[in-house]
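# A structural walkthrough
Here is what each chain is made of, one letter per residue.
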Amino acid sequence: MQTNKMSKVFLFGGIFSFLFLYIPLIVLILYSFNNSKINVGWVGFTLKWYKVLFADKEIIHAGVNSLLIAFTSSSISVVLGTLGGVALHRYKIPLLSALVMVPVAAPELLVGVSLLLFFLMINFTLGYASIILAHTAFSISFVAIAVKSRMFGMDDSIIDAARDLGASPFKAFWLILIPTILPGIIAGGLMAFTLSVDDFVITFFTAGVGSTTLPLAIYSMLKMGVTPEVNAASTIIILFTLCLASIATKLSPQIFK
Amino acid sequence: MTKYLINKFVLSIIIVLLSATSFADKDLNVFIGSNYIADPTIARLESSCKCHLVQNYFNDNGEMLAKMAAGATGYNVIVATSYAVTELAKMGKIEPLDLKRLPNLAYVDKNFMNQVYDVGNKYSVPYAYTPVFLAYNADKMKLLGITPNTWSVVFDPKYLEKLKGHVTMFNSSRNVFAAALLYLGKDPNSTNLEDLKLAREVIDRASPYWAKFDSDSYYRGLLRGDIWIAMSYSIDIYRAIADAKASHSPIKIEAMLQKEGDMYELDNMVIPASTPDLDLSYAFINNALLTKSEYELSNLTGSSVPNKVAIKMLSPDIANNPWIYPPDMKKMYVFNEYAPKIRNLINEMWTEIQMRCHEICNTCSY
Amino acid sequence: MLRLNEKRALSFIPSLYLVCLFLIPTLIMIFIAFREPGDYGGVAPLITHINNSTQLNLTLDSFKFASTSSFIWQLFLRSMAFSIITTIFCLVLGYPLAMMIAKSGKKYRDILLLMVIIPFWSSFLVRVYAWMIILGPDSGVNYLINKIMGVLGFSSVNLLYSSFAVVICLIYINLPFMVLPLYANLQKHDDTLIEASRDLGATRLQSFLKVTLPLSLPGVLAGSALVFIPSIGMFVVPELVGNNCSLMIGNLIKQQFLQTENWPLGSVTSIIMTLAVLGISLFVGVFASRLKGLKYANK
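Residues numbered from 1 in each chain as written. Chains lettered and ligands numbered in written order. Predicted model: local features only at pLDDT ≥ 70, side-chain atom pairs only at ≥ 80, totals over all residues.

We now examine the overall build of chain A. Helices and strands together make up the secondary structure of chain A, namely 11 helices and zero strands. Counting from the amino terminus, chain A carries its helices and strands in the arrangement α-α-α-α-α-α-α-α-α-α-α. Seen through its principal axes, chain A has C-alpha atoms that stretch 75 × 65 × 30 Å. Here chain A, with 257 residues, has 49% of them falling under the buried criterion. When contacts within chain A are restricted to residue pairs at least 6 apart in sequence, long-range pairs at least 24 apart make up 78% of them. (Helix = DSSP H or I, 4+ residues; strand = E, 2+ residues; numbered from the N terminus. Buried ≥ 20, exposed ≤ 12 C-beta atoms within 10 Å, placed from the backbone. Contact = placed C-beta atoms within 7 Å.)

In structure tokens:
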């Protein structure tokens, strides 16, 4: 495409937006290496905040909690979401499609508060289990939508053909359908995993004894007064997401579509 | 290729999860307001009970009560401020204590036992206390010619005109109302509707001048220099002064008690009725009441402790500090419990006080 | 018969899960809006027996309180204003970015896209914290701005702890939500359409306004919804970087559930917020379809 005024406007606008997105992150990462307790001027290079971070048992515990919860809830939602996505593709089920679409559009605060009330009403102890149940509830929708969009335009006749050739419904599902929609499932699963690791609002309302996750720990550090330990923790989170995002794009480029 | 990558991904996560479950010591869960247990005490406790201490923090007693009322379980011990003990007891959420199982109660100063909120210490034993007063930027006060020895400084427009936008008060209805009642010369625990109405008027008149309701990070404002005077906890100010010294900050933070009297938050150990391990709960409380533990707490955090022997062991700059160990405890008040009706009324007033915007505040940029 | 079984086998468990953990909790919350607050948090018993007479404790008090309290309306209007400003700025910043990615060569496209995804996938608290550093009273930015203000004769300002900081953070954390759907839409556009319009004598600006923009409308709407909905319920951002004058409706809801223990009022406020989101979405949806209809009618 040859350069012209219009595309120049977009180019400069785009570069400006990229700077807007990245300068804060770069500042944050730089200050994690600054040898000063307050984020003011540059004093000198140090790795001490990382040492402090790795010696902080509570933060490590919270990080492990986050991974544990994200892994469990995304596994459950991959199974349920795949079933739901296939069902939505093959049949018209107004109830299910409403149940899948509405949680995506509902404000997180509403979901968090109503789940809190629900758990309290049925006397369900708040903790790991309540967080996992809550995260699964919002993740199912994302997996189902990813699976459904993967199946869009797919020829259903291969399944019918398998059935005609004598495969049981389970076999046809497992051997024919699942491999064809695998990229959709992976995309949805990764989406569910990152949403769960990152979730603050819903976790905030459904967490209980000893089940502090990383975002909750960072939140209380930010509230209580900031030390560069938070910068160090943030830098590691950014690196972690960088790896995860690269894997995701390699595995399934249509994750964004 | 794809399959291989997925396998590796899943495998690595499983390894992380397995290593996570490997620290299998039993957990001792404490529900506590802030970082309120000294590190050496924790180490001693963990080795003696073969357990792992998990501290679960709440921002404010209201939040703790809301969670307990809602049926939160799993805690071995709760550290609750005076009035919260009564509420927990009335809700039936805490266990009557068997004081015979707490031999170390002998070390506790009798003046702090048998308080109105828990007569006869049926449910609670005092662990530590935190005076609430005004801390300030010494140079700014000198410049303005203000001595913050009275609550008028944060309630009277005469002073506030000079302090506009540089004052913070706690994000807590109990503390702000008590301070207003003290300013008016009333009982800080008054439930008289007239008194409360007057207090509300005083708060409404003063709040446009306040920068923020903040009980978490106000001392950082003091350290930075944009907050000149703040309703403060002794432990936060103790830490802030130490931080200022360590970073060679030019800002000088000081504090003093107010002549109308001040509140102090007397924090107590209580055992939830739902404790997963009663023996562990008693073991923890006993350990915390030891003179050594109380000394460590006061020495490291600047908390005030109800233990005369421990106070004698402290260095004079803590033991003789008037805002850590007030010389006249008669002018220090604890919070008593409110009847549900009064509490709901105050909560309703508080919602509006806290949520309403005052365009006067100078930090409003929009 | 077999078909019916398969349909049930596929949809039963997911439906059951979402009914239990989404539909029922929402209904419980709606129900609680009509109850009375309890003595120690929670709600008062539904049925009380006084002197042999049974009383059903359902009330509209919380709705009345919410609709007559001016401060709640103030919070609500402010939340709307913040969210709308956030959406507009995200659109202004996000459109060129999405366009740039869509128009760039295949080689760079994936990398550029990944660069948008990375901030989107790292915790939003981290991203708010980055701005806390930049806007903080000790930072160079704040120092510089106050120097300029001083030269111009204005009194110094505090960038952090202001409505400005709240809006900046809202824009920053939501920008990727705008870019991704916009990109997905723009990338599908057929370049020949633009060429055709140019051949027919349209200027570049005209062909953008008459061809590209209308075609990207679904992307714009999807992005706006993805930005607007999470913005309006935000309570963490005003708490961390705002002041008394930048609290949002989410702060009230959080306060009612976690501090002052008035569940019915909290539920009522949540319901009002959700209805507002639904209302706006519907309005925008209808407006957009009208707009499209008009365009085609004119042709």
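What follows deals with the overall build of chain B. Counting secondary structure elements, chain B contains 16 helices and 10 strands. By the compact-globule yardstick of 21 Å for 366 residues, chain B fits well, its C-alpha radius of gyration being 22 Å. Considered along the principal axes of its C-alpha atoms, chain B spans approximately 65 × 65 × 45 Å. Sorting the 366 residues of chain B into buried and exposed places 48% on the buried side. Within chain B, counting contacts between residues at least 6 apart in sequence, those at least 24 apart form 74% of the total. (Rg over C-alpha atoms; globule rule 2.2 N^0.38 Å.)

Across the contact, 71 residues belong to chain A and 70 residues belong to chain C. Put simply, the parts of the chain that give the side of chain A that touches chain C at least two residues each are α1 (5-31), α3 (57-90), α4 (94-105), α5 (108-121), α6 (128-151), α8 (169-198), α10 (214-224) and α11 (228-251) of chain A. Looking at which element gives the most residues to the side of chain A that touches chain C, the answer is α1 of chain A, with 17 residues.

Turning next to the domain arrangement of chain B. Interface size is commonly expressed as the accessible surface area that is lost when the partners come together. Residue and element names in this part refer to chain B. Here the domain parsing of chain B yields domain 1 (21-129 + 265-333) and domain 2 (131-263 + 339-355). Once you take the C-alpha centre of each, domain 1 and domain 2 turn out to be 26 Å apart. Each side of the interface is counted separately: domain 1 has 14 residues, and domain 2 has 17 residues. Partitioned by chemical class, the residues of the side of domain 1 that touches domain 2 number six nonpolar, five polar and three charged. (Domains from an automatic or database assignment. Nonpolar A, V, L, I, M, F, W, Y, C, P; charged D, E, K, R; others polar.)

Before going further, it helps to spend a moment on the pairing of strand β9 (residues 262-270) of chain B. Residues and elements named next belong to chain B. Where burial is concerned, most of β9 is hidden: nine out of the nine residues are buried. Covered by surrounding structure in β9 are D262, Y264, L266, N268 and V270 together with M263, E265, D267 and M269, the residues of both alternating faces. Bridge count between strand β3 (residues 77-81) and β9: four bridges; the pairing is antiparallel. Bridged to V79 within β9 is M269. As paired elements, strand β4 (residues 125-137) and β9 share seven bridges and run antiparallel to each other. Residue pairing in the sheet places V125 in a bridge with M269 of β9. Summarising the sheet, β9 and strand β10 (residues 332-333) pair through two bridges and their orientation is parallel. Across the sheet, the residue bridging to M263 is Y333, located in β10. (Pairing = 2+ DSSP bridges.)

Phi is positive for K50 of chain B, close to 50 degrees, though the residue is something other than glycine. Residue position: K50 of chain B is located in the loop between α2 (39-49) and β2 (51-57). Given 9 C-beta atoms within 10 Å, K50 of chain B falls into the exposed group. Positive phi, normally seen in glycine, also occurs at Y161 of chain C, with a value near 60 degrees. Overall, the presence of 28 C-beta atoms within 10 Å leaves Y161 of chain C in the buried class.

Here we take up the packing of α3 of chain A against α6 of chain A. All names here are of chain A. Two elements in contact, α3 and α6, have axes separated by 6 Å at closest approach and are oriented at 40 degrees. As summarised for this structure, α3 and α6 are arranged oblique, according to the angle between their axes. Where α3 crosses over α6, the two elements pack in a sense that is right-handed. Taken together, the residues of the contact of α3 with α6 break down into 14 nonpolar, 12 polar and one charged. (Axes fitted to C-alpha atoms, helices over the stretch in contact; angles between N-to-C directions. Parallel < 35°, antiparallel > 145°, perpendicular 65-115°, else oblique. Left-handed = near helix turned anticlockwise from the far one by under 90°.)

The relative placement of two packed helices is expressed as an angle between their axes plus a distance between the axes. Residues and elements named next belong to chain A. α10 packs onto α3 with a crossing angle of 145 degrees between their chain directions and a minimal axis gap of 7 Å. Residues E58, I59, A62, G63 and S66 of α3 pack against L214, L216 and A217 of α10. Across the contact of α3 with α10, the residue classes break down as five nonpolar, two polar and one charged.

Across soluble globular proteins, nonpolar side chains show a tendency to be buried alongside one another. Counting 263 residues, the largest nonpolar core has A180 of chain B together with V128, Y129, W131, A165, C169 and V241 of chain C as its most contacted members. Ranked by the residues each element gives to this core, the list is headed by helix α7 (residues 163-186) of chain C, at 16 residues. Counting contributing residues per domain, this core is built from domain 1 (21-129 + 265-333) and domain 2 (131-263 + 339-355) of chain B, each supplying no fewer than three. Excluding anything up to four places from it in sequence, Y129 of chain C contacts L28, L222, V230 and S234 of chain A. (Core = buried A, V, L, I, M, F, W, Y, C linked by C-beta atoms within 7 Å.)

This part takes up helix α16 (residues 340-355) of chain B. The first and last C-alpha atoms of α16 of chain B sit 22 Å apart over 16 residues, in line with the 22 Å expected at 1.5 Å per residue. For α16 of chain B, the complete set of buried residues consists of R343, I346, N347, W350, T351, I353, Q354 and M355 of chain B. Buried residues of α16 of chain B, viewed axially, fall in a sector of 165 degrees; they line one side. In the core, the buried residues of α16 of chain B are packed alongside α8 (173-183), α9 (193-206) and β6 (212-213) of chain B together with α3 (70-103) and α11 (249-258) of chain C. (Expected span 1.5 Å × (residues − 1). Arc of directions from axis to C-beta.)

To continue, consider the environment of L97 of chain C. Checked against the element boundaries, L97 of chain C lands in helix α3. Spatially, the C-alpha atoms of L97 of chain C and V220 of chain C are 13 Å apart, while their sequence positions differ by 123 residues. Every residue in contact with L97 of chain C, bar those within four places of it in the chain, is listed here: G13, G14, S17 and F18 of chain A together with V179 of chain C.

Turning next to α6 of chain A. For the α-helix, the turn length of 3.6 residues means that residues three or four positions removed from each other point alike. Residues and elements named next belong to chain A. Helix length check: α6 (24 residues) gives 34 Å between terminal C-alpha atoms against 34 Å at 1.5 Å per residue, within 8%. Largest kink in α6: about 30 degrees, centred on F138. Across the 24 residues of α6, 19 count as buried, placing the element largely inside the fold. G153 sits one or two residues past α6 and shows a positive phi near 80 degrees. (Bend = angle between axes of the 7 residues up to and from the residue.)

All names here are of chain B. Bridging between strand β1 (residues 26-32) and β2 involves seven bridges; their strand directions are parallel. Opposite F31, over in β2, you have N56 as the bridge partner. The parallel pair β1 and β2 is bridged by α2, and the resulting crossover is right-handed. (Right-handed = clockwise from strand over helix to strand, strands pointing away.)

With that out of the way, let us pick up the environment of P126 of chain B. Residues and elements named next belong to chain B. With respect to the element layout, P126 can be found in strand β4. A tally of 26 C-beta atoms within 10 Å means that P126 is categorised as buried. Sequence separation between P126 and E161 is 35 residues; the distance between their C-alpha atoms is 40 Å. Setting aside residues no more than four positions away along its own chain, P126 makes contact with V108, F112, M113, L266, N268 and P306.

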